Amino acid sequence: MPQPALSLTDSSLVDPAGAERDRLPAEARRMAAELGQGRQGVTIRLGPIMGILWAAAALIVLLSLVQDLLIFLAPEAGFSDRIYRLDVDTEASLPTWYSTSLLSLCALLLLLIGLQVNSQSRLKALPWFILTAIFAVLSLDEIATLHEGLSALLSARMDNSGLFYFAWTVPALIVCVAGLICFVPFILSFKGFDRVLLVSSAIVFLSGAIGMEMLGGAEAETGGIATLHYRMLTTLEETLEFAGVLLFLGFLLRRLRAAHARTVLKFE
């Protein structure tokens, strides 16, 4: 009975080991494709996040404002006891917690960006690290009232009155002007809407933190702090500070989005 002919082109018969090696890459590609189908990326939408943060800030300011208006303009309503946990001018309060959280978040994002830039250029990363330290101190000041202690220390050594009734505004104003001058190259390194956000955030925040604080100091010296005028100045101060920090946070998130638009969060 004739035997079947063997084809020399049949690799599985000529080189069984080689055929097995050919099948391994194909199997690996098939498994990788199956695993890739189950992989899910994490998408962070900046618009809704910023919308929620802005709405929360507006609600916090509104709650403090409403109780001020009720206390001073509608005493017959019987609302005379201030809810200090909702007061923007009280340290141990919801506004202080929210402000500290926003400042801490900015410090964290600044650190992340700084570490990324540092891998490319240490010189370019320096402004990011300086800003990280500044925002870390600002967040600490919100809960540790560092500027109040500095103000008390300076008041004992200088004749503070008028716009400088809160004495800490004197060194703060000097440091801010010098800092802004030093950061001009950093600011000019950005273009378009990023630069607008960066500059406007600084102007708005400093207008509240220092500008309105100086006006509030002049009012506190003449009329005291238990007046509606002083309370309105304080509310405006905190509003500008919230707005400035949120504008800066928007700038930071845009920078992260530009650098990590296609980054997939992966845990190993």
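See above for the structure.
Below is a short write-up of the structure. (Residues numbered from 1 in each chain as written. Predicted model: local features only at pLDDT ≥ 70, side-chain atom pairs only at ≥ 80, totals over all residues. Heavy atoms only, no water.)

## Details of the nonpolar core
- Judged by nonpolar contacts, the single largest core of 37 residues is most densely connected at Leu102, Trp128, Phe248, Leu249, Phe251 and Leu252.
- Elements supplying a minimum of two residues to this core: helix H3 (46-73), helix H4 (94-118), helix H5 (122-144), helix H8 (184-188), helix H9 (192-223) and helix H10 (228-259).
- The biggest single contributor to this core is H10, with ten residues.
- Once residues within four sequence positions are removed from consideration, Phe251 is found in contact with Trp128, Phe190, Asp194, Leu197 and Leu198. (Core = buried A, V, L, I, M, F, W, Y, C linked by side-chain atoms within 4.5 Å. Buried < 20%, exposed > 50% of the residue type's maximum accessible area, 1.4 Å probe, protein only. Helix = DSSP H or I, 4+ residues; strand = E, 2+ residues; numbered from the N terminus. Contact = heavy atoms within 4.5 Å.)

## So, the packing of H4 against H10
- Running from N to C, H4 and H10 point in directions that differ by 30°, and their axes come no closer than 10 Å. With respect to their mutual orientation, H4 and H10 come out roughly parallel. Helix-helix and strand crossings are classified by hand; for H4 and H10 the assignment is left-handed. On H10, the residues that touch Pro95, Tyr98, Ser99, Leu102, Leu103, Leu105, Cys106, Leu109, Leu110, Ile113 and Gln116 of H4 are Phe242, Val245, Leu246, Phe248, Leu249, Leu252, Leu253, Arg255, Leu256 and Ala259.
- Among the residues making up the contact of H4 with H10, the classes are represented as 18 nonpolar, two polar and one charged. (Axes fitted to C-alpha atoms, helices over the stretch in contact; angles between N-to-C directions. Parallel < 35°, antiparallel > 145°, perpendicular 65-115°, else oblique. Left-handed = near helix turned anticlockwise from the far one by under 90°. Nonpolar A, V, L, I, M, F, W, Y, C, P; charged D, E, K, R; others polar.)

## Regarding the packing of aromatic side chains
- Scanning all chains against the criterion turns up eleven aromatic pairs.
- A centroid spacing of 5.1 Å and a plane angle of 80° characterise the contact between Trp128 and Phe186, whose relative ring orientation is edge-to-face. In this pair, Trp128 is assigned in helix H5 and Phe186 in helix H8, connecting sequence segments 58 residues apart. The exposure classification of Trp128 matches that of Phe186, with both residues buried. (Phe/Tyr/Trp six-rings, centres within 6.5 Å; stacked < 30°, edge-to-face > 60°.)

Any functional reading would require information that these geometric values do not contain.
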